[in-house]
Amino acid sequence: MPDYLANRLDPRAPLVLDIRDLPRRPGSMRAIDRVVPAPADLGLELIGVPEGADLRLDLRLESVSEGVLVSGAVTAPVTGECGRCLREISDTLAVTIQELFAYANSTTDETTEEDEVGRVQGDLIDLEPTARDAVVLALPTNPVCRADCPGLCQECGTAWEDLPADHSHQQSDPRWAALQKLTRTEE
Ligand SMILES: [Zn+2]
Ligand SMILES: [Zn+2]
């Protein structure tokens, strides 16, 4: 087991689950239904779960011979910025997770790398990496407020949706028009 895993988890951390009351007998189950504050940096650059927002855990913990299988749903509000019109996006994200946390010295523990399968650490499970992966994977890298968002006017930077249909930047001076053409080519 690598050194950093030997570091004790904080049992009070919102995404650390205590499995003391889950019998080790395979087939035993326990349900978790709770709301915890979202950790920092849960998301991508342009969109993510605000720190401290309500993260709903609706999970099932199941004893299996090699460890504890955690499955269920994580639901959270997400906020971000539309990549085209820069307006705020707010939405709700629901992801399903399923992850095995292996007992120390189980066959799984001995035959897998730490980044392949989670580990039970004492009586605790750290769900944060799993939740983080699931949330990040489900978020769009290029978030948009809606699929057909028309974005911004390239000339004045105003959202097309806030502009009249006949909005335009007619330039009578040909030198100005040529300059604009140049600027656009550089983009
Ligand atoms: Zn937009
Ligand atoms: Zn404009």
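Our structure's up above, just so we're on the same page.
Report follows, based on the coordinates.

Calculation rules
- Residues numbered from 1 in each chain as written.
- Chains lettered and ligands numbered in written order.
- Predicted model: local features only at pLDDT ≥ 70, side-chain atom pairs only at ≥ 80, totals over all residues.
- Heavy atoms only, no water.
- Donors = N, O, S within 2.8 Å, 3.2 Å for Na, K, Ca; no water.
- Tetrahedral: all angles 85-135°; square planar, octahedral: opposite > 155°, others 65-115°.
- Helix = DSSP H or I, 4+ residues; strand = E, 2+ residues; numbered from the N terminus.
- Buried < 20%, exposed > 50% of the residue type's maximum accessible area, 1.4 Å probe, protein only.
- Salt bridge = Lys/Arg side-chain N within 4 Å of Asp/Glu carboxyl O.
- Core = buried A, V, L, I, M, F, W, Y, C linked by side-chain atoms within 4.5 Å.
- Contact = heavy atoms within 4.5 Å.

Around a metal, the ideal angle is 109.5 degrees if four donors adopt a tetrahedral arrangement and 90 or 180 degrees if six donors adopt an octahedral arrangement. Taken together, Cys82 (SG), Cys85 (SG), Cys145 (SG) and Cys149 (SG) make up the protein donors of the zinc ion (ligand 1), found 2.3 Å from the metal. In this structure, the zinc ion (ligand 1) is coordinated by four donor atoms arranged in tetrahedral fashion, with angles at the metal of 104 to 113°. Read from N- to C-terminus, the donor residues coordinating the zinc ion (ligand 1) fall into the pattern C-x2-C-x59-C-x3-C. With a gap of 64 residues between them, Cys85 in the loop between strand 6 (67–81) and strand 7 (88–102) and Cys149 in the loop between helix 3 (128–138) and helix 4 (174–186) connect regions that are remote in the sequence. A residue is classified by how much of its surface remains accessible, and Cys149, at 5% relative accessible area, is buried.

Here we take up unusual backbone geometry. Of note in this structure, Asp41 is not a glycine but carries a positive phi near 55°. Following the sequence through the fold, Asp41 ends up in the loop between strand 2 (29–37) and strand 3 (42–43).

Now for the pattern of salt bridges. One pass over the full model with this rule turns up eleven salt bridges. In this structure, Asp109 and Arg119 form a salt bridge, with 2.5 Å as the shortest nitrogen-oxygen distance. With a gap of ten residues between them, Asp109 in helix 2 (residues 107–111) and Arg119 in strand 8 (residues 118–121) connect regions that are remote in the sequence. In terms of burial, Asp109 and Arg119 fall into one category: buried. Arg146 serves as the salt-bridge partner of Asp148, at 2.5 Å between the closest nitrogen and oxygen. Each of Arg87, Arg146, Asp148, Glu161 and Asp162 takes part in a single network of salt bridges with overlapping partners.

Those protein atoms acting as donors to the zinc ion (ligand 2) are Cys153 (SG), Cys156 (SG), His167 (NE2) and His169 (NE2), and they sit at 1.9 to 2.3 Å. What the four donor atoms of the zinc ion (ligand 2) show is an angle range of 96 to 114° at the metal, which sorts the shape as tetrahedral. Sequence spacing among the residues donating to the zinc ion (ligand 2) works out to C-x2-C-x10-H-x1-H. Take His169: its relative accessible area is 30%, and that puts it in the partly exposed class.

Right, let's get into the nonpolar core. Counting 37 residues, the largest nonpolar core has Val49, Leu55, Leu59, Leu61 and Val68 as its most contacted members. For this core, the secondary-structure elements that each account for two or more residues are strand 2, strand 4 (47–49), strand 5 (54–64), strand 6, strand 7 and helix 3. Excluding residues that lie within four positions of it along the chain, Leu61 makes contacts with Leu17, Ile19, Leu22, Ser28, Met29, Arg30, Ile32, Val68, Leu69 and Val70.

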